[in-house]
Amino acid sequence: MFSFNFLCVCADVCGFFCGIRGHVYCNQKTPRIAAGMDEQALLGLNPNADSDFRQRALAYFEQLKISPDAWQVCAEALAQRTYSDDHIKFFCFQVLEHQVKYKYSELTTVQQQLIRETLISWLQAQMLNPQPEKTFIRNKAAQVFALLFVTEYLTRWPKFFFDILSVVDLNPRGVDLYLRILMAIDSELVDRDVVHTSEEARRNTLIKDTMREQCIPNLVESWYQILQNYQYTNSEVTCQCLEVVGAYVSWIDLSLIANDRFINMLLGHMSIEVLREEACDCLFEIVNKGMDPVDKMKLVESLCQVLQSAGFFSIDQEEDVDFLARFSKLVNGMGQSLIVSWTKLIKNGDIKNAQEALQAIETKVALMLQLLIHEDDDISSNIIGFCYDYLHILKQLTVLSDQQKANVEAIMLAVMKKLTYDEEYNFENEGEDEAMFVEYRKQLKLLLDRLAQVSPELLLASVRRVFSSTLQNWQTTRFMEVEVAIRLLYMLAEALPVSHGAHFSGDVSKASALQDMMRTLVTSGVSSYQHTSVTLEFFETVVRYEKFFTVEPQHIPCVLMAFLDHRGLRHSSAKVRSRAAYLFSRFVKSLNKQMNPFIEDILNRIQDLLELSPPENGYQSLLSSDDQLFIYETAGVLIVNSEYPAERKQALMRNLLTPLMEKFKILLEKLMLAQDEERQASLADCLNHAVGFASRTSKAFSNKQTVKQCGCSEVYLDCLQTFLPALSCPLQKDILRSGVRTFLHRMIICLEEEVLPFIPSASEHMLKDCEAKDLQEFIPLINQITAKFKIQVSPFLQQMFMPLLHAIFEVLLRPAEENDQSAALEKQMLRRSYFAFLQTVTGSGMSEVIANQGAENVERVLVTVIQGAVEYPDPIAQKTCFIILSKLVELWGGKDGPVGFADFVYKHIVPACFLAPLKQTFDLADAQTVLALSECAVTLKTIHLKRGPECVQYLQQEYLPSLQVAPEIIQEFCQALQQPDAKVFKNYLKVFFQRAKP
């Protein structure tokens, strides 16, 4: 379909029209433009103009847009061909476009007539121009014509097409514009990428219906005349016309196009080199059109007969890959259309025609296979849809014929061949071509999965045959063939699905075949192949089939060695080392029960890979810090899951973490003395990595193997004492605090109450000189401690409650630039974190933490919650605030609650429940806001529960009358509130506020 590439050109030429809105060159509110244009401003339209002139041109454009009559100056300039500069002409069309698109209904009948006449005059002038206009101008003109068409066709300009055709006749310049206008109209009416309102969609449907009745046959006739007249003399116009036919065929009567004279002409174009790609696309659109299954079958078959007799099915004789890619798409369309027909006929019980359809499909399979196996991946990719759907048919058949079985095997062999890398694939620097091949491989994988559904035995046998023959001679076989053999084994894991990866139990024949192949893989020595793709595929496959090693554990040592030596973690390629680190971690974790005999050997062999690389030693580590995380985690898993006694586990863990602690102390001292900022940053990075590594080892612990049970508490407490001093370092605070904070999160989980003595000091340091982001990240730590330890941390929370709040309020009250979106967002997120903290405290049954802060502070906190519920248009924070309020009412709202709280409920909490939903920013169509309203309803229900009839009386006699709520509505509201089912009141409250809001 015609893709309006001119839009890109326009963006280059006049891109500076975007971006400045509302800035007007003149101070008048609705300026009127005198005859003639601002020539100085027009100079800014030139792409080479300086920024001042460009700014002036932008301002002038805005001025012309809001002026009620400025467009007339532009219309006159176009009609009288006042300017020869292309950018000015484009500018004039832009002004007209804005007028038609946004202000047309405000124009008088005379002014609307003027726009029509201007466009027709401009079109007439094009017939006489010695040179055609630039493409981007013609495209912009076509857009304006199309906008005017959708606005006027149904009312004032029903003869639109006849008027256009009477001007252009068969003049090639006119025909070019006529076809561009048609494509622009199609884009306005049916382009699915354009989002239309329901009103526009209804209008477009009505326009298409009217066109079908009034002018489509005439338009089709004009296309036929254009194709007939220009097919040998003007390929550009002919291709444009074929594009128009392809676009319109989806929504016009197909019989106007799918007839002998049109189809014969299109088939004729298939033999003209400059037209055949476009003719292919046009035929594809015709074939794709929905129609009766029998008629579709006849159409496709007649097309195929002609194409075959014309020699198009002889793929090997065609050298033009661009054409073959289009032809492959056409064959794919024909094949899929026949399959759709077969499906419909089967569903309708028409067995006879369904059999014919299946026969028609079968006769295309040979061609499909030729295209699938083609060396060009685009050609192959375009036919995969037909291939996939054909296999889906075979899957539904109870018995396959010999030919169908042969077809399945042929598809299988084609897929195996096409999965293979070519010589040009750049493994070290993968670019766009490589990314496209990766995507193509994903499509082939889907075919392989479908093949497995049709005939799993055949797939398994085929893969086994290829795999075995390749692995027997891997030393003398090209890398791409070795890689694909291992890849096929890897792909079988998903193609032949089983629960929990149990490939080596159950079906004996399948299990033994996979077991044989895995045995061959790990014993053949192929892991030593000198190509990164083969090495990576080897490691991916042994990890994918880790269950094999529970069946044949004798092979574990050789795979571990492959991971640990020059084939894996010490490979010359950083890409292989990085992936091996991740896969090694997975391999060890999945086989931890089988690892016991190898633990100390592995820990010794990975010792050098665990070293922290300080920036000053100039030593380039084999692994990146991210890769080292996996090695530390693996070491942790080996120690924790070992069968060693607790003392041995502790000793091994200390051996693992002591070098980190020692290095950390040295680096922290160096950081304190460092003068150069770059050196400070690299030292802080290294310190952060040390903390991260220690943190990662703790991921090995679980409920079954806790830190205490493994005797490792002391080691991690030592780590804490080593890392915490970094919090008082005045340099590189962000990165150091972030690392230590993450470590504390882990230790709260692992060490439990043993971590508590360290929290007050750590909190004090983290609250010093902090920014919004620091607080935002600190609050979740306090929430975690509060939720986990509850009453145990009550004294600590009471002590740090107000210091934390003062730090939060201080940051929130800092002035910020009015338009600083980043600062506004940071404050919004901090506000949310603050309310989340209060929610955690109240929700953990620790309201005394707030109550013991003194009356003035308590009131201040409560007021901030009321403000959060009402003042800030942030439904997430509002929801949290209402949760806090309902919890406080539940705890303090009874007769024995704190003195004065009942007054606070009626003076502040009840009004908040009404003022918040009544605000214009409280959007009841928004899902988050509805959740906030739901919590608001819970708050009101809780007040009623705690205060009883007194609450209803207050609402009936004081509060709701003060809002001028009608007596019958007040009665209705109070009845709903008293309903025992909370859901009834929630639903009522939404309706109540929907009615209340204007």
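All chains use their own residue numbering, which begins from 1 and follows the written sequence. This being a predicted model, a pLDDT of at least 70 is required before a residue's local features are given, and a value of 80 or more before pairs of side-chain atoms are given or counted; all residues contribute to the totals for chains, interfaces and linings. Based on all heavy atoms of the structure, the side-chain values leave hydrogens and waters out of the count.

- An unreviewed UniProt entry lists the protein chain under the name Exportin-T, with Panthera tigris altaica given as the organism.
- UniProt positions are given in the numbering used here, feature names are shortened, and annotations may be inferred rather than shown by experiment. Under the UniProt heading Subunit (unreviewed entry), the entry covering the protein chain gives this text: "Found in a complex with XPOT, Ran and tRNA. Probably found in a complex with nucleoporins. Interacts with Ran and tRNA in a GTP-dependent manner."
- Quoted verbatim from the Sequence similarities (unreviewed entry) heading of the UniProt record, the comment on the protein chain is "Belongs to the exportin family."

## Looking at the overall build of the protein chain
Next up, step 1: In this text, helices come from DSSP runs of H or I with a minimum length of four residues, and strands from runs of E with a minimum of two, each type numbered from the N-terminal end. The helix and strand tally for the protein chain stands at 47 helices and zero strands.
Next up, step 2: Counting only C-alpha atoms, the protein chain reaches 90 × 90 × 65 Å along its principal axes.
Next up, step 3: Only protein chains enter the accessibility calculation, which uses a 1.4 Å probe. A residue is then buried if its area is under 20% of the maximum for its type, exposed if over 50%, and partly exposed in between. A total of 998 residues make up the protein chain; the buried ones form 53% of that total.
Next up, step 4: Only heavy atoms matter for contacts: two residues are in contact if any of them lie within 4.5 Å across the pair. Contacts in the protein chain between residues at least 24 apart in sequence constitute 73% of all its contacts with a sequence separation of at least 6.
Next up, step 5: Where accessible areas are quoted, they stem from the Shrake-Rupley method and a 1.4 Å probe; at the residue level, only the protein chains shown are allowed to cover. Surface accessibility of the protein chain: about 45,400 Å² in total, with carbon and sulfur atoms responsible for 50%.

## Thoughts on helix α16 (residues 321-348)
Next up, step 1: Its 28 residues give α16 an end-to-end C-alpha distance of 40 Å, which sits within 8% of 40 Å, the value for a rise of 1.5 Å per residue.
Next up, step 2: Polar contacts, as counted here, are pairs of nitrogen or oxygen atoms within 3.5 Å of one another; within protein the pair requires one atom able to donate a hydrogen and one able to accept it, and residues that are adjacent in sequence qualify only if both atoms are side-chain atoms. Taking the backbone nitrogen of Asp322 as reference, a side-chain oxygen 3.1 Å away marks Asp320 as the first, capping residue of α16.
Next up, step 3: The positive-phi residue at the C-terminal boundary of α16 is Gly349, with phi of around 80°. Every helix has an expected span of 1.5 Å times one less than the residues it contains.

## Things to note about unusual backbone geometry
Only a minority of non-glycine residues have a phi that is not negative, and only a minority of peptide bonds are not trans.
Next up, step 1: Positive phi, close to 50°, is recorded for Asp169, a residue that is not glycine.
Next up, step 2: In this structure, Asp169 sits in the loop between α8 (160-168) and α9 (172-190).
Next up, step 3: Phi is positive for Lys790, which is not a glycine, with a value near 45°.
Next up, step 4: Residue position: Lys790 is located in the loop between α37 (772-789) and α38 (794-812).

## Some remarks on the packing of helix α36 (residues 759-766) against α37
Next up, step 1: With axes taken as lines fitted to C-alpha atoms, and helix axes fitted only over the stretch in contact, angles between N-to-C directions fall between 0 and 180 degrees. Contact geometry of α36 with α37 gives a least axis separation of 11 Å together with a crossing angle of 160°. With respect to α37, the axis of α36 lies roughly antiparallel. Of the two possible hands of crossing, α36 and α37 adopt the one that is left-handed. Here Ile759, Ser763 and Met766 of α36 lie close against α37, whose contacting residues are Phe778, Leu781, Ile782 and Ile785.
Next up, step 2: For this classification, Asp, Glu, Lys and Arg are treated as charged, while Ala, Val, Leu, Ile, Met, Phe, Trp, Tyr, Cys and Pro are nonpolar and the rest, including Gly, are polar. Split into classes, the residues belonging to the contact of α36 with α37 amount to six nonpolar, one polar and no charged. With respect to orientation, any angle under 35 degrees is reported as roughly parallel, any angle over 145 as roughly antiparallel, any angle of 65 to 115 as roughly perpendicular, and every other angle as oblique. Take the far helix as the reference: if the near one is turned anticlockwise from it by less than a right angle, the crossing is left-handed, and if turned clockwise, right-handed.

## Description of empty space enclosed by the protein
Next up, step 1: Cavities and pockets are defined on a 1 Å grid built over the protein atoms alone: a cavity is a set of grid points where a 1.4 Å probe fits but cannot escape, while a pocket is an open set with protein on both sides within 12 Å along at least five of seven lines, and lining residues are those with an atom within 4 Å of any such point. Grid points are joined across faces, edges and corners, and a volume is the space filled by probe spheres set on the points. Tallied over the entire structure, the rule returns two cavities of 30 Å³ or more.
Next up, step 2: The computed volume of the second largest cavity comes to approximately 40 Å³.
Next up, step 3: In this structure, the second largest cavity is lined by Cys304, Phe313, Val331, Met334, Gly335, Lys364, Leu367 and Phe386.
Next up, step 4: Tallying contributions element by element places α16 first for the lining of the second largest cavity, with three residues.

## A word on α36
Next up, step 1: All buried positions along α36 are accounted for by Ile759, Ala762, Ser763 and Met766. Angular distribution of buried residues about the axis of α36 spans 100°; they occupy a single face of the element.
Next up, step 2: Where the residues of α36 are buried, they touch α35 (733-750), α37 and α38. The arc in question is the one spanned by the directions pointing from the helix axis to the C-beta atoms.

## Some remarks on the pattern of salt bridges
Side-chain pairs of opposite charge can arise where the charged atoms are in close proximity.
Next up, step 1: Here, a salt bridge means any Lys or Arg side-chain nitrogen found within 4 Å of an Asp or Glu carboxyl oxygen. Applying the stated criterion to the full structure yields 50 salt bridges.
Next up, step 2: With a closest N to O distance of 2.9 Å, Asp377 and Lys418 form a salt bridge. Residue Asp377 is found in helix α19 (residues 377-382), and its partner Lys418 is found in helix α21 (residues 402-418); the two are separated by 41 residues along the sequence.
Next up, step 3: Among the salt bridges present, the one from Glu409 reaches Arg465, with a minimum N-O distance of 3.8 Å. A residue pair is termed long-range when its members are at least 10 positions apart, and Glu409 in helix α21 and Arg465 in helix α23 (residues 456-472) qualify at 56 residues.
Next up, step 4: With a relative accessible area of 45%, Arg465 lands in the partly exposed category.
Next up, step 5: Taken together, the shared-partner salt bridges in this structure form one network comprising Asp86, Lys89, Glu133 and Lys134.

## Structural notes on the packing of helix α17 (residues 351-362) against helix α20 (residues 384-396)
Next up, step 1: Where α17 meets α20, the closest approach of the two axes is 12 Å, and the angle between their N-to-C directions is 135°. It follows that α17 is oblique to α20 by the angle criterion. The two elements α17 and α20 cross, and the hand of that crossing is left-handed. Contacts from Leu358, Ile361 and Glu362 in α17 reach Phe386, Tyr390, Ile393 and Leu394 in α20.
Next up, step 2: Looking at side-chain class alone, the contact of α17 with α20 contains six nonpolar, no polar and one charged residues.

## Notes on the packing of aromatic side chains
Next up, step 1: Side-chain rings of Phe, Tyr and Trp, where Trp is taken by its six-membered ring, are said to pair if the distance between their centres is within 6.5 Å; with planes under 30 degrees apart they count as stacked, over 60 as edge-to-face, and otherwise as tilted. Using the criterion set out here, one finds 50 aromatic pairs in the structure.
Next up, step 2: On the numbers, 4.9 Å between centres and 75° between planes, the contact of Trp157 with Phe160 is edge-to-face. Across this residue pair, the class does not change: Trp157 and Phe160 are buried.
Next up, step 3: Among the aromatic side chains, those forming a connected cluster through ring pairs are Tyr906, Phe914, Tyr954, Tyr959, Phe973, Phe985, Tyr988, Phe992 and Phe993.
Next up, step 4: Counted as over-ring charges are cases with an Arg CZ or a Lys NZ within 6 Å of the ring centre that also lie within 35 degrees of the ring normal. Its guanidinium or amino end placed over the ring of Phe323, Arg276 lies 4.0 Å from that ring's centre, counting from NZ or CZ.
Next up, step 5: Cation over ring: Arg544 sits above Tyr490, and NZ or CZ is 4.3 Å from the ring centre.

## Observations regarding the confidence of the model for the protein chain
Next up, step 1: Mean pLDDT over the protein chain stands at 89; residues scoring 70 or higher make up 93%.
Next up, step 2: Confidence of the predictor in every single residue is expressed as pLDDT, which spans 0 to 100. The model gives residues 1-35 a pLDDT under 50, and that stretch makes 71 contacts with residues more than four places away or in other chains.

## Focus: the nonpolar core
Next up, step 1: Joining through side-chain atoms within 4.5 Å is the link that ties buried Ala, Val, Leu, Ile, Met, Phe, Trp, Tyr and Cys residues into a set, and such a set is a nonpolar core. Among the nonpolar cores identified, the biggest contains 348 residues, and Met211, Trp223, Phe327 and Phe914 are the most heavily contacted of them.
Next up, step 2: Per element, the largest residue contribution to this core is 13 residues, and it comes from helix α24 (residues 479-495).
Next up, step 3: Those residues in contact with Trp223 that lie beyond four places of it in its chain are Tyr178, Leu182, Cys241, Val244, Val245, Tyr248, Ile252, Ile257 and Phe262.

## Considerations on the state of the cysteines
Next up, step 1: Disulfide assignment relies on a single distance test, namely cysteine sulfur atoms paired within 2.5 Å. The full count for this structure, using the stated rule, is zero disulfides.
Next up, step 2: Cysteine Cys750 is unpaired, with the sulfur of Cys712 as its nearest cysteine sulfur at 10 Å.
Next up, step 3: Classification of Cys750 as buried rests on a relative accessible area of 13%.
Next up, step 4: Among the cysteines around Cys770, which has no disulfide bond, Cys729 carries the closest sulfur, lying 16 Å off.

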